[in-house]
Structure formats: C-alpha cells, structure tokens
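Okay, here's what each chain looks like letter by letter:
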Amino acid sequence: MNKMTVRDVDVRGRRVLVRVDFNVPIADGKVTDDTRIRATLPTLQYLLDQGAALIVMSHLGRPKKPDPAFSLRPVAERLSELLGRPVQMAPDCVGPEVEAMAAALQPGQVLLLENLRFHPEEEKNDPEFASRLARLGDLCVNDAFGAAHRAHASVEAIARFIPVVAGFLMEKEIRYLSQALTNPGRPFVAILGGAKISDKIGVIESLLARADRVLIGGGMANTFLKAMGYRVGDSLVEDEALETARRLLQEGGERLMLPVDVVIADAFAPDARARVVPVDQVPDGWRILDIGPQTVARYAEEIRRAAFIVWNGPMGVFEFPRFAEGTFAIARAVAESGAVSIVGGGDSVAAVHAAGVADRITHISTGGGASLEFLEGRTLPGIAALADRPSSS
Ligand code: ADP
Ligand code: MG
C-alpha cells in the first residue's frame, strides 16, 4: 500500500486525533451492538501502547444540529469498558473548552469528542471547521473506512492542516479490496445479489471486467431474467433497468451466470406458500424470493474452484427463513471454499453472521457504501486524503 499507516509515524508523547466510525445502534442510553467499537480497538490499543494521548472523533446518525438523542456519551461508556481505562467525554467536538481538554491530556489518556454532525460544517467539508478539529491534535489517524466515501471535514479537509495516516482497520480494508481490483487470485468469482440492479450497476460493470465468473442472485436477478424474456410474475423488477440488464448480458457473455431455478412465493410474507420452479415457469401472481437448489449447486461448483471471491448482496429474502436457504447455502460454500473471501454490504454481512460462517470469511468489510464505491474503482476521498508513503529511492 502506498499510503502511510500508524506504523510509519512516531506517536510517543503526541496528541493523536483518531477518526473512527462509532455510528452504532443505541437504545435507552446503551450501545446495543458494539461491533464497530471493537473493530477499532487494535488501532486505539496500539496508539496507547506507543505512548500517545487519544482524541477520538466520530459521527452518529444524521442530526442536523446538537441533539441529545444523538450524543456519543453512551459510546464513551462502552469504549471505556472495552479499553479498561477511563474515557473522558467532551461537551462538543470543537471550541475553546474542548481545546483545553485536549491540551491537558497525558499519554495513555482518551478523550471522546461529541458527535461531529452536531455541526453542519462537517458534512459540508468546511475547511475552517476542519482546521478547528486539526488544532486538537498533532496528527490524525483515520480508521473510519465506513466514512471513506464521504468528503467530510474530519475525513477529507482535515488533511490540509495535519497529516492523516491509516489505522489498522482502514489498512486492512484497502489491502483486501484493492486486491480484488488489481491482483485477485484466479479463478476470481464475484457473487452479486441484493435488492436492486440500479444500486449496483457500477459494481457489476467493474467486476464483470475483472472476474472470471459473476454469479447473480437476489432481486437483481429478476430484472436480468425479464430482460432475457422470462415471465417473472409479481417479482421485484426494475423496468427502467431492463436496457442496462440487456447490455450487461451482452458484455458478460458466459462469465455472467443467472439462476436456472428459483423459489417462488404466493405473497411477500414469511409464511407465504413456497415452491421451487425452473426460471421459465414462474406463474402469474407469484414472486421470486430466492434462488433454487439447482442454481445453488451450479454456483457452489464455481465457488469451490475459486481462489478469490467477492460477495455483495444476499441471494434472496433471507430475512424470511423459508427463503433464506439460497443465501445460507452460498455462505457455507464460500466459507468452505478455501479461497480468499471478501464480503461487503450491510445485509450481506448480516446474512453471513446469520449463516454462522462469519469466522471463516477472510475479510468482512465494515463499510457498506464505501466498499461498493471502492469495488467500482472510484477514488474514495478519505483514502485519497491519506498521506502518501515517501517513494523509496
Ligand atoms: P447489501 O446491504 O448487502 O448491499 P442490499 O441492500 O442490496 O444488500 O440487498 C439486501 C436486500 O435484498 C435484503 O433485504 C433482501 O431481502 C432483498 N432481496 C434479496 N432477494 C430479493 C428478492 N428476490 N426479492 C426482493 N427482495 C430481495
Ligand atoms: Mg442493504
């Protein structure tokens, strides 16, 4: 990686701003899922062990102004438990009082800033606001991959004032995702599903150009099937994407694989009647909610042969147990393949956990939107802003 990381800087006795993604669910003043907090612990613990004082910053939800319902205070409590040391909570993220708190920090101490989005300047990438954040530390470590696709002040503009380097989580995301774009093992199999084609056209195109096989499932398969001339009943279909689907079918040729059988339902409901049919026999009034067993067998065969796998998007409505088998069977196949495997996307990650195979996936991306934009081959502002490693000469 040609970007600097925490390993490349001396942080002893320095005040280090750490941008993290603590956008976690909170109920009744308690963090209900601390996965994102845990994911940053290696970076935070490393910096503390190296003798830094930490000023940690994050957004939470989408408040437009200060709102106690979006306070990071519950996160400070959870973070303190996980780090096993006190975490001070700042009353705001900028201003004289916060500056005094940051200036008073000793090595090994941790200060959590209040929600960055209490200031609209954060999302506007305002340089003046970024300079006020930058004033709090000597350098910045960015471990918020989930926010890397946003040009926001704490992610992008801040780099104009202090050096920003990658944390371990950011480094890991960049390493695995860029492998998919530049030097994946072969055969490289991409698995794409989820609700809609229109959300993911860029990703489908990018992966069609790079992968040896692209396996399609989920709601997006319906639009492809309709574009091929099949009748899909009441399935979720994007008529406005039919033209795109035809073009992708042309471009993809043999590399693009579609379901040969599907699980159909007589209603969109968990207790709907379910039947398995070939794709050319979907009756009117029924809808496709999962891929069928023959499709699973064909896809699993490709997955078994793969050396490198990228998966985004569930194969069916896995939230309904009756229509989860396609997704879970694919999850197991990926876990058992022995390939380097990357799973990205909020629902896909949830599906891999629900299937009980998360610990056998090589890399589970923490960024939904960010990982998709990365796989499209786009430059993410938060990655572009990281300091370049001095060229070795
Ligand atoms: P991710 O969050 O992993 O990127 P998406 O948000 O694109 O995935 O898609 C996930 C959603 O797609 C799930 O809620 C799932 O129920 C839905 N889905 C999958 N297959 C179908 C289908 N055949 N019909 C309708 N919805 C589907
Ligand atoms: Mg989703």
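Owing to the predicted nature of the structure, the values given are computational and were not obtained by experimental measurement. (Residues numbered from 1 in each chain as written. Chains lettered and ligands numbered in written order. Predicted model: local features only at pLDDT ≥ 70, side-chain atom pairs only at ≥ 80, totals over all residues. Heavy atoms only, no water.)

Student: How should I be thinking about the domain arrangement of the chain in this particular structure?
Tutor: Often, the extent of an interface is quoted as the loss of accessible area on bringing the components together. Looking at the assigned domains, one finds that the chain contains domain 1 (6-169) and domain 2 (176-376). Centre-to-centre, using C-alpha coordinates, domain 1 lies 36 Å away from domain 2. In this complex, domain 1 contributes five residues to the contact, which on the side of domain 2 involves nine residues. Regarding the contact of domain 1 and domain 2, the summed buried area is about 550 Å², with carbon and sulfur atoms giving 70% of it. By the criterion of area lost to domain 2, the three top residues of domain 1 are Phe-145, His-149 and Leu-169, representing 79% of everything that side buries. (Domains from an automatic or database assignment. Contact = heavy atoms within 4.5 Å. Buried area = accessible area lost by both parts, 1.4 Å probe.)

Student: Teacher, can you tell me more about the site of ligand 1 here?
Tutor: Lining the immediate environment of ligand 1, one finds 18 residues, of which Lys-200, Ile-288, Glu-319, Asp-347 and Ser-348 sit closest. Within the backbone of Ile-288, a nitrogen or oxygen atom sits 3.0 Å from a nitrogen atom of ligand 1. Its free accessible area being 580 Å², ligand 1 has 84% of it covered by the protein chains. At the level of elements, helix H8 (218-227), strand S14 (287-291) and helix H12 (346-354) are the ones that each hand at least two residues to the shell around ligand 1. With three residues, H12 is the single largest residue contributor to the shell around ligand 1. Classifying every residue of the shell around ligand 1 by side-chain character gives six nonpolar, nine polar and three charged. (Near = heavy atom within 4 Å. Polar contact = N/O pair within 3.5 Å; in protein donor to acceptor, adjacent residues only side chain to side chain. Areas by Shrake-Rupley, 256 points an atom, 1.4 Å probe, with all protein chains shown as cover. Helix = DSSP H or I, 4+ residues; strand = E, 2+ residues; numbered from the N terminus. Nonpolar A, V, L, I, M, F, W, Y, C, P; charged D, E, K, R; others polar.)

Student: I tried to follow helix H9 (residues 242-252) on my own but got confused; where do I start?
Tutor: Helical geometry note: an α-helix holds 3.6 residues per turn, so side chains three or four residues apart project in the same direction. Of the residues making up H9, those classed as buried are Leu-242, Thr-244, Ala-245, Leu-248 and Gly-252. Buried positions in H9, seen along its axis, are confined to an arc of 155 degrees and lie on one side of it. Exposed residues lying more than 90 degrees from the buried face of H9 are Glu-243 and Gln-250. Against the buried residues of H9 lie helix H7 (201-210), H8 and strand S11 (256-257). Remark: Gly-253 follows H9 within two positions and exhibits a positive phi of approximately 50 degrees. (Buried < 20%, exposed > 50% of the residue type's maximum accessible area, 1.4 Å probe, protein only. Arc of directions from axis to C-beta.)

Student: What is the right way to read the UniProt feature "binding site: (2R)-3-phosphoglycerate" (unreviewed entry) in the chain from this model?
Tutor: Taking the numbering used here, the UniProt-annotated feature "binding site: (2R)-3-phosphoglycerate" (unreviewed entry) corresponds to Arg-36, Arg-117 and Arg-150. As for the largest cavity, its lining draws on Arg-36 from among the annotated residues. Mapped onto the elements of the fold, Arg-117 is located in the loop between strand S6 (110-112) and helix H5 (127-134). Judged by relative accessible area, which is 7%, Arg-117 ranks as buried. When sequence neighbours within four positions are dropped, the list of residues in contact with Arg-117 reads His-59, Gly-61, Arg-62, Pro-63, Lys-64, Lys-65, Glu-122, Glu-123 and His-152. Separated by 2.9 Å, the side chain of Arg-117 and the backbone oxygen of Gly-61 make a polar contact. Looking at the secondary structure, you find Arg-150 in the loop between strand S7 (139-142) and strand S8 (164-166). Among residues more than four places away in sequence, those in contact with Arg-150 are Arg-62, Val-155 and Pro-381. (UniProt positions renumbered as here; feature names shortened; annotations may be inferred. 1 Å grid on protein atoms, 1.4 Å probe; cavity = no way out; pocket = protein on both sides within 12 Å on 5 of 7 lines; lining within 4 Å.)

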